[in-house]
Amino acid sequence: VAFSPDGKKLVTGCADGMLRLWIVMDSKEVKALELPREKGEAKSPVRTVAWAGNGEYVMAGDEAGSYVRYDWKDYFPYTQGRFTGESMARVGFTPSCSHYYYLTSGGMGLMRNIDKKDHGAYITLRITPTCTAISANSRFMLVGSETGTVSLLPLDFAKGAERPDSIDELRA
């Protein structure tokens, strides 16, 4: 479940493989979207959803390893793909909304620029991610696991940004 930044809309990921968009005040379902599937493939439960901080995009990932990024205005699936053999554990956006990311249950992932079809930055963890947070300056990702391990990942996609010297720079 994820609320839009303005708190007026809600997105839910469902066990039937559907992504549902709601208007909170009316408790009204606006749209039901099925995550992309291979022809003849069974529906897979949605495990993770996120709403971009600018309110423009919704992203979801399912148990079969598929992920999709929709535009809220026209429900068009701008980005979609699959990480074969692993379910999606987390999807999300940087605070600046310039990048999106996904992480699988096996700790593999990718961070990509929203506007460009670049190859992105691969993320390799040795943990099963259960929660994530990205610093306000979009330079670090914190990833927590079910075992209590927390990993701090520097994100190198900020053009021209100097690499921080310490965790204290998270506050910057």
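Look a little higher up for the structure.
Presented here is a report on the structure given in the accompanying data block. A quick note: this is a predicted structure, and the numbers were derived from the prediction, not measured.

1. Focus on the overall build of the protein
Point 1. A tally of helices and strands in the protein yields zero helices and 15 strands.
Point 2. In the protein, which comprises 172 residues, the share counted as buried stands at 45%.
Point 3. Within the protein, residue pairs in contact and separated by at least 24 positions form 35% of the contacts whose partners lie at least 6 positions apart.
Point 4. Split by element, the accessible area of the protein, about 9,300 Å² in all, is 50% carbon and sulfur.

2. With respect to the sheet that holds strand 5 (residues 46–51)
Point 1. Here we have four strands laid out as an open sheet, ordered 5-6-7-8, and antiparallel in their pairing. The two strands at the open ends of the sheet, each matched to only one other strand, are strand 5 and strand 8 (77–82). For this sheet the average axis-to-axis angle between neighbouring strands, irrespective of direction, equals 10°.
Point 2. In this sheet, strand 6 (residues 57–62) lies alongside strand 5 in antiparallel orientation, the contact comprising five bridges. Looking across to strand 6, one finds that A50 is bridged to M59.

3. Quick word on the side chain of K9
Point 1. Take K9: it is sitting in strand 2 (residues 9–13).
Point 2. Since its relative accessible area comes to 14%, K9 is described here as buried.
Point 3. Of note is the side chain of K9, whose polar atom sits 3.3 Å from the side chain of D6.
Point 4. The contact partners of K9, leaving out residues within four places of it in the chain, are A2, F3, S4, W22, I23, V24, W51 and W72.

4. Describing the sheet that holds strand 2
Point 1. Spatially, the four strands line up as an open sheet ordered 1-2-3-4, and their pairing is antiparallel. The open sheet has two edge strands, strand 1 (2–3) and strand 4 (28–34), and neither has a second partner.
Point 2. Alignment of strand 3 (residues 18–23) against strand 4, held across six bridges, turns out to be antiparallel. Residue pairing in the sheet places L19 in a bridge with L33 of strand 4.

5. Comments concerning the pairing of strand 10 (residues 99–104)
Point 1. The element strand 10 is largely enclosed, with a buried count of six among its six residues.
Point 2. Of the two faces of strand 10, both are covered, the one formed by H99, Y101 and L103 as well as the one formed by Y100, Y102 and T104.
Point 3. Examined bridge by bridge, strand 9 (residues 88–93) and strand 10 share five bridges and lie antiparallel to one another. Paired with R90 across the two strands is L103, which belongs to strand 10.
Point 4. The antiparallel pairing of strand 9 with strand 10 creates a hairpin that spans five residues between the two strands, and C97 there sits at a positive phi of about 65°.
Point 5. Bridge count between strand 10 and strand 11 (residues 108–113): five bridges; the pairing is antiparallel. If you follow Y100 over to strand 11, its bridge partner there is R112.

Cut-offs and rules
Residues numbered from 1 in each chain as written. Predicted model: local features only at pLDDT ≥ 70, side-chain atom pairs only at ≥ 80, totals over all residues. Heavy atoms only, no water. Helix = DSSP H or I, 4+ residues; strand = E, 2+ residues; numbered from the N terminus. Buried < 20%, exposed > 50% of the residue type's maximum accessible area, 1.4 Å probe, protein only. Contact = heavy atoms within 4.5 Å. Areas by Shrake-Rupley, 256 points an atom, 1.4 Å probe, with all protein chains shown as cover. Pairing = 2+ DSSP bridges. Axes fitted to C-alpha atoms, helices over the stretch in contact; angles between N-to-C directions. Polar contact = N/O pair within 3.5 Å; in protein donor to acceptor, adjacent residues only side chain to side chain.

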